[in-house]
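# Structural overview
In case you want the letters, here they are:
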Amino acid sequence: MNIEIKGLSKIYPNGHAAINNVNLEIGSGMFGLLGPNGAGKSSLMRILVTLQKATEGSVLMDGMDINEHRKKIRPFIGYLPQDFTYFSKLKTWEFLDYTARLSTSLKRKKRMTEVDRMLDQVGLLEVRERMANKLSGGMKRRLGIAQALIGNPRLLVIDEPTTGLDPEERIRFRNILSDLSQKDVTIILSTHIVGDISSTCHNMAMLNKGEVAFHGSPEGMIDQVRGHVWQVTLGDDEFNVLKTKFPVVSTIPTIGQWEAQFIATDKPHPEAKTITPNLEHAYVYFMENQLGISLV
Ligand code: ADP
């Protein structure tokens, strides 16, 4: 699925501009939408899945305007909203069967096969009889993915999927997504967690205050911080001074000292050495230098 977002803006009735003239082109595979809380990610996601309308601009999916072809496009879309918590007193398989009945016209036998195939795909087959509201946080999120996948969507929109998950579940979730992205599906993953993007997406955009601050590959974003990430080992006093001047991206305490990594345009300390940057570094650099959000 090819998605063209042109001049998109969303102004809520209270006058707040959540999205401001966003232009993006998204092809198949995994696309990461990164940005701090309040950047406008959920607003953009809800427009893409046709749950709300933009104030201005257009979205074309394979050349079709989503407002004009809403009915035709909806069956192609799977959506896992941020607040996916609507678990009533249904067993895991019953919940999925319920969503399959809403979103497909499959007859019972085929539907049951599809439900079990989805449960297997997200690693929940062995808990199919467990009450859905008794699943762990990570399992619920995986059930959320399964319900979004019912009906084989060509566009999968996932809003903040790993928030609140423990590291093991987070990795499991990312693996499910990267398996899916091998297929001819467009997956848009919105997150404020940099690791979600760096481990799965080839293309990405960074939103800030409703505007696109960066659009390209994660490597392209990392390139912008090259030469500005520094590592130095410092005693308490020097460390305490430097951390008030430059954003610290990591610290490892050693005996009486700190091995610290800073983001700084110029060398922050005579003994500091540049290190190979990653997306986390690039995100901090962007927030500080391009967007003027002080993290110190
Ligand atoms: P994100 O998903 O990046 O956290 P959102 O799209 O949820 O961002 O929100 C972007 C901005 O729009 C925030 O300032 C938020 O408070 C505001 N906002 C979101 N939904 C509404 C709404 N229904 N009415 C008014 N303001 C809203």
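Reading guide: rules and limits
- Residues numbered from 1 in each chain as written.
- Predicted model: local features only at pLDDT ≥ 70, side-chain atom pairs only at ≥ 80, totals over all residues.
- Heavy atoms only, no water.
- Near = heavy atom within 4 Å.
- Polar contact = N/O pair within 3.5 Å; in protein donor to acceptor, adjacent residues only side chain to side chain.
- Areas by Shrake-Rupley, 256 points an atom, 1.4 Å probe, with all protein chains shown as cover.
- Nonpolar A, V, L, I, M, F, W, Y, C, P; charged D, E, K, R; others polar.
- Axes fitted to C-alpha atoms, helices over the stretch in contact; angles between N-to-C directions.
- Helix = DSSP H or I, 4+ residues; strand = E, 2+ residues; numbered from the N terminus.
- Parallel < 35°, antiparallel > 145°, perpendicular 65-115°, else oblique.
- Left-handed = near helix turned anticlockwise from the far one by under 90°.
- Contact = heavy atoms within 4.5 Å.
- Pairing = 2+ DSSP bridges.
- Salt bridge = Lys/Arg side-chain N within 4 Å of Asp/Glu carboxyl O.
- Buried < 20%, exposed > 50% of the residue type's maximum accessible area, 1.4 Å probe, protein only.
- Domains from an automatic or database assignment.
- Buried area = accessible area lost by both parts, 1.4 Å probe.
- Core = buried A, V, L, I, M, F, W, Y, C linked by side-chain atoms within 4.5 Å.
- Patch = residues over 30% accessible without salt bridge, like charges linked within 9 Å, V, L, I, M, F, W, Y side chains within 5 Å.
- Lys, Arg positive; Asp, Glu negative; His and termini not counted.
- Charge placed at Lys NZ, Arg CZ, Asp CG, Glu CD.
- Phe/Tyr/Trp six-rings, centres within 6.5 Å; stacked < 30°, edge-to-face > 60°.
- Lys NZ or Arg CZ within 6 Å of the ring centre and 35° of its normal.

Residues in close proximity to the ligand total 13 residues, the closest being Gly38, Gly40, Lys41, Ser42 and Ser43. Note that an oxygen atom of the ligand is positioned 2.7 Å from one of the backbone N or O atoms of glycine 38. Relative to its unbound accessible surface of 560 Å², the ligand loses 66% to contact with the protein. For the shell around the ligand, the residue count by class is four nonpolar, seven polar and two charged.

Attention now moves to the packing of helix H3 (residues 92-103) against helix H5 (residues 137-149). Axis separation between H3 and H5 bottoms out at 9 Å; the angle between their running directions is 30°. Regarding the angle of H3 to H5, the classification is roughly parallel. Where H3 crosses over H5, the handedness of that crossing is right-handed. Contacts from Thr92, Phe95, Leu96 and Thr99 of H3 reach H5 at Leu143, Ala146 and Gln147. Taken together, the residues that form the contact of H3 with H5 break down as four nonpolar, three polar and no charged.

Remember that side chains alternate between the two faces of the sheet whenever the strand is regular. Taken together, the seven bridges between strand E11 (residues 229-235) and strand E13 (residues 257-263) define a ladder with antiparallel strand orientation. Residue pairing across strands places tryptophan 230 opposite phenylalanine 262, the latter belonging to E13. The pairing of E11 with strand E14 (residues 273-274) spans two bridges and is antiparallel. Note on E14: the bridge partner recorded for tryptophan 230 is threonine 274.

This brings us to the pattern of salt bridges. Side-chain pairing between opposite charges can occur once the charged atoms of the two side chains come close. With the rule as written, the count across this model stands at twelve salt bridges. Across the pair aspartate 116 and arginine 128 runs a salt bridge, and its minimum N-O distance is 3.0 Å. Here the residue aspartate 116 occupies a position in helix H4 (residues 108-121), and arginine 128 occupies one in the loop between H4 and H5, the gap between them amounting to twelve residues. Its relative accessible area of 19% is what places arginine 128 among the buried residues. Residues participating in the shared-partner salt-bridge network are Lys91, Asp116, Arg128 and Glu129.

This part covers the domain arrangement of the protein. Entries for the protein in the domain assignment read domain 1 (3-215) and domain 2 (223-290). Computed from C-alpha coordinates alone, the two centres of domain 1 and domain 2 are separated by 35 Å. Each side of the interface is counted separately: domain 1 has ten residues, and domain 2 has six residues. The contact between domain 1 and domain 2 buries some 690 Å² in all, and 85% of this surface belongs to carbon and sulfur atoms. Of all residues in domain 1, the largest losses of buried area upon contact with domain 2 belong to Val194, Met206 and Phe214, amounting jointly to 57% of the total for that side. Taken together, the connections running from domain 1 to domain 2 amount to zero salt bridges. Along the contact surface separating domain 1 from domain 2 lie zero residue pairs in polar contact (both at pLDDT 80 or more).

This paragraph deals with the packing of H5 against helix H6 (residues 167-180). Interaxial distance between H5 and H6 falls to 10 Å at its minimum, and their mutual angle equals 15°. Taken together, the axis directions place H5 and H6 in an arrangement best described as roughly parallel. Where H5 crosses over H6, the handedness of that crossing is right-handed. Residues Gly138, Met139, Arg141, Arg142, Ile145 and Leu149 of H5 lie in contact with H6, whose contacting residues are Glu169, Arg172, Phe173, Ile176, Leu177 and Leu180. Here the residues of the contact of H5 with H6 sort into seven nonpolar, one polar and four charged.

We now examine the nonpolar core. The biggest cluster of nonpolar side chains holds 52 residues, and the ones touching the most others in it are Ile145, Ile158 and Met221. Looking at this core element by element, the count peaks at seven residues for helix H10 (residues 279-290). Split by domain, this core shows at least three residues from each of two domains, domain 1 (3-215) and domain 2 (223-290). In this view, isoleucine 145 contacts Leu80, Val122, Ile158, Phe173, Ile176 and Leu177; residues no more than four positions away in its chain are not counted.

What follows concerns a negative patch on the surface. Taken together, Asp236, Asp237, Glu238 and Glu271 make up a surface patch of like negative charges. Locating aspartate 236 in the fold gives a position in helix H9 (residues 236-242).

One pass over the structure, following the stated rule, counts four aromatic pairs. Through pairs of rings, three or more aromatic residues link up here, namely Phe239, Phe246, Trp258 and Phe262. Of note, arginine 154 hangs over the ring of phenylalanine 76, and the distance from its end group to the ring centre comes to 5.3 Å.

Glancing now at the environment of glycine 38. Relative to the helices and strands, glycine 38 resides in the loop between strand E3 (29-34) and helix H1 (41-48). By relative accessible area, which is 70% here, glycine 38 ends up exposed. C-alpha of glycine 38 to C-alpha of tyrosine 12: the two residues are 26 residues apart in sequence and 13 Å apart in space.

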